[in-house]
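# Fold and geometry: a report
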Amino acid sequence: MSDLSSKDSSLDNLLRRDPRAEWIARNRLHPLHNEMLQIGGVEVRGPSGLLRKNPHVIGFIGPNGIKRIDRTNTSSASLGDKKRSSATKETQLPLHIVENPDFYIMVVADMVGGRLTGHDKDILGLAHQLVAKRNGAVTLVCFGDNKETQCDLAGVDRLVHLQGEIYEGFAPEARLNALLQIEAQYKPDYWLFPDSVHGGMDLACRLSARLGERLAAQAWQVNAEHTVCRGASASQDILRDTPRILTLLEECGDAIDESRHQVLPMAIDGIEQTTPAMVDKGLIAVDSNAVPLAEAEFILSAGNGIHNWDQFHAAAAALGATEGASRVAVDDGFMPRARQVGASGTWVTARVYLAVGISGAIQHMQGIGQCDKVVAINTDAGCDMVKRADLAVIADSEDVLAELIQLAQHYSLSKGQEEKSDAA
Amino acid sequence: MQPNINVVSLVSIGRHPQSGRARRAEQDGRAVELGLTLAGQSLTVVHAGNAKEPVLRQYAGMGLPSLTVLEQSEGCDALPVLMSFLQDKSVDVVLTGVRAEGGESSGMLPYLLAEKLGWPLVPRVAEVLEIKNGEAEVLLALPRGQRRAVTVKLPFIASVDNAAQEARQTAFGPGLRADFKVLNGDSVVDEAASQWQISVAKPRPKRIKVVKAKTAADRMKAATAKPVGGGGKVLRNESSTEKAQAIFDLLIEEKVIR
């Protein structure tokens, strides 16, 4: 029973007509005719709805008996009260309500960086296609931090949010135990996973092996009866019956964009955790410049505004960032061609892009289109990069980089000391 | 090289991405390479399928004195024969690729083996750092070139990622001379898979950008607007220490500084 209830906001924009006032305004012999025009609030509309203006009643008689017309419209505020409200008003999407759902569809999202990825949103959209007007609830299962603020717009009816130390980092066994408890408690109709390297495929395979149910991997066309999967390194399409566990490719469905959803939290009773056989020892520091530019997570990029190149390289090393460059810096020979970001260089996908002294030519902006957060350091406050940036600093690059190097060194020192005191 | 551990690498027949010809599978080759660095000549390489397949000689040409083939016909499930093979032996480490390049390529085989044997499964291994006192320290390959260290007790199964050491070149002559041990097991036909309809992959339709504007003004705005972030914070008059601190706070909040 999906119920679309919302107040129709278009009613507020409707033009309200007063037929009596219009009639009096048309009838010059009416005793109230002059008063009605004095009020001035009447918009006279012709039979086709066209706005009619009476040129004789425009303006007012000034103190010296001369007619004055105020063309600046400063005093006409009282006339505007019947105008349409401007379009800036936020439209409230209809709320999709699911009460006492008959069945559940579990979507186990990757939540890279604590936010829903485009892949996750596509799968939520697909889950709603599988619900197909029946009374089912699409449930998002997520582990660890949840920074996503737009779960309701992505199509999450119910939310299972599992937090705690045991789910942090690499913890497939703890996560699997949680999924098994959900399975026992809610018996979902479908388990949907992203077929991704962020852990979605791993978790799906573990669940499938534990439950003894065969999954459909790399599915890209799914309905209630049939599924089309890619097989044999994406050279074959396999048409098969839709199983209960699926791992889905990107763009398998269309993300939800025309409704809001409830995002009601669901409780999971005591999850039995066992001692994991694999122990996470944490991330290993890798040489950030060995990471390919296209898939680097954090890029420090240099442009024409850099004069002290030694300092720039020191900053990249201190922050642990992969180095990038604009075309000017490459053409001038300060950076190798392989480091160029933009239309004729590399299209980067970094989560954080720190642009130093880059004003932002359109070719460069195309190259950083997929970056989540852009930080700009520039002397020109009006440049395109500052407009695009989530955080912009108007300053000379040399001072800010020097400060950043110091901050990074302090941070790593204090962290090293903390670890030492922990070990002691 | 670690002495006294039994390593088994499972190999399959690969498929060249352009020509579609049979080849040494990319990830399985890396699994053999990793096995050779762990166990040297005592590595056992196992294939379930046709023993006459010429591609197996390419694996053997990596310097293997022998190769074990569990003979079974096409369309059979590799799981039961591999299970019975692994149960008999005292194996410490089993290495596989993440996904096969032929067939269903669901990547389920290592998971099913791990489940049946009750061993832990380590996904997407880039490197095995060391094995001592019955415990192994391995590096997992994460997206964006990151690595994670994990310790796991022997015995375990690991799937080898593309980030692992590339497979060495194969030598034709030694490959031909290698000794094949062919074992016959009871093969089980994969019933569920025989029901599937398999066709050549259709190109997937590109997603079309749909502008869902209700009015002409909205459509005009959507067509002409520059994609700007909007609402970004701009720091102008603060001291450079404050500016740097603001940037640094953002970097820490996004967890890119470790």
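In this text, all values refer to a predicted model and were calculated from it rather than measured experimentally.

The next thing to look at is the overall build of chain B. Helix and strand content of chain B: eight helices and 15 strands. Taken against the 2.2 N^0.38 rule, which gives 18 Å for 258 residues, the C-alpha radius of gyration of chain B at 25 Å runs more than 25% over that of a compact globule. In terms of its C-alpha atoms, chain B occupies a principal-axis envelope of roughly 75 × 50 × 35 Å. Taking all 258 residues of chain B together, the buried fraction comes to 39%. In chain B, the proportion of contacts linking residues at least 24 apart, taken out of those at least 6 apart, comes to 66%.

Moving on: the confidence of the model for chain B. Averaged over every residue, the pLDDT of chain B is 87; residues scoring 70 or more account for 96%. Per the prediction output, this complex has pTM 0.76; the corresponding ipTM is 0.86.

Our next topic: the interface of chain A and chain B. The partner chain B presents 61 residues to the 66 residues of chain A that form the contact. A class-by-class count of the residues in the side of chain A that touches chain B yields 39 nonpolar, eight polar and 19 charged. Pairing of strand S17 (residues 278–284) of chain A with strand S10 (residues 147–153) of chain B involves five bridges; the strand directions are antiparallel. Within the sheet, the bridge partner assigned to Leu283(A) lies in S10(B) and is Arg148(B).

Attention shifts here to the domain arrangement of chain A. Taken domain by domain, chain A holds domain 1 (9–82), domain 2 (96–265) and domain 3 (288–413). Using only C-alpha atoms to locate each centre, domain 2 of chain A and domain 3 of chain A end up separated by 36 Å.

What follows deals with the environment of Gln165(B). All names here are of chain B. Mapped onto the fold, glutamine 165 is located in the loop between strand S11 (156–160) and helix H5 (172–177). Exposure remark for glutamine 165: the 13 C-beta atoms within 10 Å place this residue in the partly exposed category. Along the backbone, glutamine 165 and arginine 30 are 135 residues apart, and their C-alpha atoms lie at a distance of 6.3 Å.

A word on the environment of Gln370(A). All names here are of chain A. Mapped onto the elements of the fold, glutamine 370 is located in the loop between helix H9 (362–367) and strand S21 (373–378). We classify glutamine 370 as partly exposed; it has 13 C-beta atoms within 10 Å. In this structure, the C-alpha to C-alpha distance between glutamine 370 and arginine 158, residues 212 residues apart in sequence, is 29 Å.

Glancing now at the environment of Ala234(A). Residues and elements named next belong to chain A. Among the secondary structure elements, alanine 234 is positioned in the loop between strand S12 (226–231) and strand S13 (236–241). Looking at alanine 234, the number of C-beta atoms within 10 Å reads 15, which means it is partly exposed. Separated by 202 residues in the primary sequence, alanine 234 and leucine 32 place their C-alpha atoms 80 Å from one another.

Attention now goes to the confidence of the model for chain A. Residue and element names in this part refer to chain A. Per-residue confidence for chain A averages 83 on the pLDDT scale, and 90% of its residues sit at or above 70. Least confident of the elements in chain A is strand S1 (residues 3–5), whose mean pLDDT is 43; most confident is strand S10 (residues 190–194), at 93. For the stretch residues 1–9, pLDDT sits under 50, and the model shows 16 contacts to residues farther than four places along the chain or on other chains. Note that residues 75–87 has pLDDT below 50 and, in this model, ten contacts with residues that lie over four places away or in other chains.

What follows is about the sheet that holds strand S16 (residues 264–265) of chain A. As a general point, the strands of a sheet are linked pairwise by backbone hydrogen bonds and lie either parallel or antiparallel. Across the sheet, which stays open at both edges, the ten strands sit in the order S16(A)-S9(A)-S8(A)-S7(A)-S10(A)-S14(A)-S11(A)-S12(A)-S13(A)-S14(B) with mixed pairing between neighbours. What marks the edges here is a single partner per strand, and that holds for S16 of chain A together with strand S14 (197–200) of chain B. Of the strand pairs in this sheet, strand S8 (residues 136–143) of chain A and strand S9 (residues 158–162) of chain A are connected by five bridges, and their pairing is parallel. Note that in S9(A) the partner of Thr139(A) across the bridge is Arg158(A). Along the sheet face, helix H3 (residues 118–131) of chain A touches strand S7 (103–108), S8, S10, strand S11 (216–222) and strand S14 (245–248) of chain A and points at about 160 degrees away from the line of S10(A).

Our next topic: the pairing of S9(A). Here two bridges tie S9(A) to S16(A), and the two strands are oriented parallel to one another. Bridge pairing in S16(A) links Arg158(A) to Leu264(A).

With that settled, consider the pairing of strand S7 (residues 93–97) of chain B. All names here are of chain B. Here S7 lies mainly inside the structure; five of its five residues are buried. Here strand S1 (residues 7–11) runs beside S7; their pairing, made up of three bridges, is parallel. Following the sheet pairing, serine 9 is matched in S7 by leucine 95. Inspection of the sheet shows S7 paired to S11 by five bridges, in the parallel sense.

Analysis parameters
Residues numbered from 1 in each chain as written. Chains lettered and ligands numbered in written order. Predicted model: local features only at pLDDT ≥ 70, side-chain atom pairs only at ≥ 80, totals over all residues. Helix = DSSP H or I, 4+ residues; strand = E, 2+ residues; numbered from the N terminus. Rg over C-alpha atoms; globule rule 2.2 N^0.38 Å. Buried ≥ 20, exposed ≤ 12 C-beta atoms within 10 Å, placed from the backbone. Contact = placed C-beta atoms within 7 Å. pLDDT = per-residue confidence, 0-100. Nonpolar A, V, L, I, M, F, W, Y, C, P; charged D, E, K, R; others polar. Pairing = 2+ DSSP bridges. Domains from an automatic or database assignment. Axes fitted to C-alpha atoms, helices over the stretch in contact; angles between N-to-C directions.

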